[in-house]
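What follows is each chain in one-letter form.
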Amino acid sequence: MSKGVLGNKGDHVDSIYNQDLANNMVLIELGGIDNTQEEINRTISVLAKAVSDLLQGQSNNLVSHAGI
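Let us look at the structure shown here. Remember, predicted model here, so these are calculated numbers, not experimental data.

1. A closer look at the overall build of the chain
- Within the chain, the secondary structure is distributed over 1 helix and 0 strands.
- Looking at the chain as a whole, 1% of its 68 residues are labelled buried.
- Taken as a whole, the chain presents about 6,400 Å² of accessible surface, with 54% of it coming from carbon and sulfur.

2. Observations concerning the pattern of salt bridges
- One pass over the structure, following the stated rule, counts 2 salt bridges.
- Across the pair R42 and E38 runs a salt bridge, and its minimum N-O distance is 3.1 Å. You can see R42 and its partner E38 sitting in helix α1 (residues 37-65), 4 residues apart, about one turn around the helix.
- Here R42 falls in the partly exposed class, since its relative accessible area comes to 46%.

Rules of the game
- Residues numbered from 1 in each chain as written.
- Predicted model: local features only at pLDDT ≥ 70, side-chain atom pairs only at ≥ 80, totals over all residues.
- Heavy atoms only, no water.
- Helix = DSSP H or I, 4+ residues; strand = E, 2+ residues; numbered from the N terminus.
- Buried < 20%, exposed > 50% of the residue type's maximum accessible area, 1.4 Å probe, protein only.
- Areas by Shrake-Rupley, 256 points an atom, 1.4 Å probe, with all protein chains shown as cover.
- Salt bridge = Lys/Arg side-chain N within 4 Å of Asp/Glu carboxyl O.

Shown next as structure tokens:
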């Protein structure tokens, strides 16, 4: 799903971004100047499924730990 990650470094770059504002925050950026809308939509679909599966698993874990 990734064509690569661009790191920022050099003068006037502090490497602090929005994901540093809170614990357990994830910053996900989709698409770029070279992506088509179709590519972005496919990525959103895969990402949505992965997040849904993750959250569903966490929900199931909470239920099983509660003895329900």
